[in-house]
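Coordinate analysis (summary)
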Amino acid sequence: MKRACFLLVAMLAAAIGLSAEITLPSIISDNMVLQQKADAKLWGWGEPGEKIEIRTSWGKKVYSAQADADGKWSVYVKTPGHCTGQWVKVSSGRTGETVEISNVLVGEVWMASGQSNMEFKLNRVEEFKDICKLPPNRNLRHFKIKNNYSAVPISELQGAWVTADRTTLGEFSAAGYFFAKKLHDTLNVPVGIVNASWGGTALECWMSRESLAPFPETVAMGQKRLDALNSHPERLEKFLRANDAWAKKYGRKGSNPIRCILISAYSSATISTNWSS
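All values reported here derive from a predicted model rather than from experimental measurement. (Residues numbered from 1 in each chain as written. Predicted model: local features only at pLDDT ≥ 70, side-chain atom pairs only at ≥ 80, totals over all residues. Heavy atoms only, no water.)

1. Structural notes on helix 4 (residues 174-187)
- With 14 residues, helix 4 should reach 20 Å at 1.5 Å per residue; the first-to-last C-alpha distance of 20 Å fits that figure.
- Taken residue by residue, helix 4 has Ala-174, Gly-176, Tyr-177, Ala-180, Leu-183 and His-184 as its buried positions.
- Looking at the buried side of helix 4, the elements it contacts are strand 7 (98-114), helix 2 (116-119), helix 3 (128-132), strand 8 (137-144) and strand 10 (191-197).
- A positive backbone phi angle near 55° is found at Asn-188, which sits one or two residues after helix 4. (Helix = DSSP H or I, 4+ residues; strand = E, 2+ residues; numbered from the N terminus. Expected span 1.5 Å × (residues − 1). Buried < 20%, exposed > 50% of the residue type's maximum accessible area, 1.4 Å probe, protein only. Contact = heavy atoms within 4.5 Å.)

2. Remarks on the packing of aromatic side chains
- This model, assessed by the stated rule, comprises 5 aromatic pairs.
- With a centroid separation of 5.2 Å and an interplanar angle of 75°, the aromatic rings of Trp-110 and Phe-179 are classed as edge-to-face. In this pair, Trp-110 is assigned in strand 7 and Phe-179 in helix 4, connecting sequence segments 69 residues apart.
- For Trp-110, a relative accessible area of 39% gives the class partly exposed.
- Ring geometry for Tyr-177 against Phe-178: centres 5.4 Å apart, planes inclined by 70°, an arrangement best described as edge-to-face.
- Among the residues examined, Tyr-177 registers a relative accessible area of 5% and is labelled buried.
- An aromatic cluster is defined as three or more aromatic residues linked by ring pairs; in this entry it consists of Phe-172, Tyr-177 and Phe-178.
- The ring centre of Trp-87 lies 4.5 Å from the NZ or CZ of Lys-89, which sits over that ring. (Phe/Tyr/Trp six-rings, centres within 6.5 Å; stacked < 30°, edge-to-face > 60°. Lys NZ or Arg CZ within 6 Å of the ring centre and 35° of its normal.)

Structure (structure tokens):
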């Protein structure tokens, strides 16, 4: 009986291990655009020590990488001149699992970053209705990074590659779209725009702590705001407890309207970490 239980546990452990999947960041996905004639970085996550193999439709070379102690791996893949209809296959040497990234373009990749002028959507320009009447352009792609803040560097972002057609054009950066279209029409190559824009953000929000080191006053101000952000739940609860005590002392019965309003506002608010004063 003990032997049977041991074997069952061993089989379950093996099944759990085999179920681990190759994980890729959202920017390395179907419809992506890679820079032409370059060493394009591909990366992802697996089991620590896992061997990863990468194959491409444009070459016979098999690229390999090994996941580090944290499970992260990366490799640089040589890309050809501009082309369409390509694929990239990422395989696990441990499980044999293969993830195929399809409908890949190789061409020009540009980042569109900034504040509200860059974030301004194409569906807000006067010519938008006329633009939507144009035939879909499968060689123009847009990747909008979802706005998100973090006090520490993060390894993943949210977004998806989309092609330019009337169902997606409205969400394109207007400046990014006109720039991409001009490039495409001039060079006759696929173009991908990575849209990392956020209206009203200060320059310091986009800089690492290391790059801000020469500006100690800015670092101190940013740290003060981060400390306030981290302690906000505790300070809010302290205020609410004091407010409840006040309501009880003066005979205020029923739900405390101040508590209800503050909890509702706090739970639904997006707290900005803008470093400007």
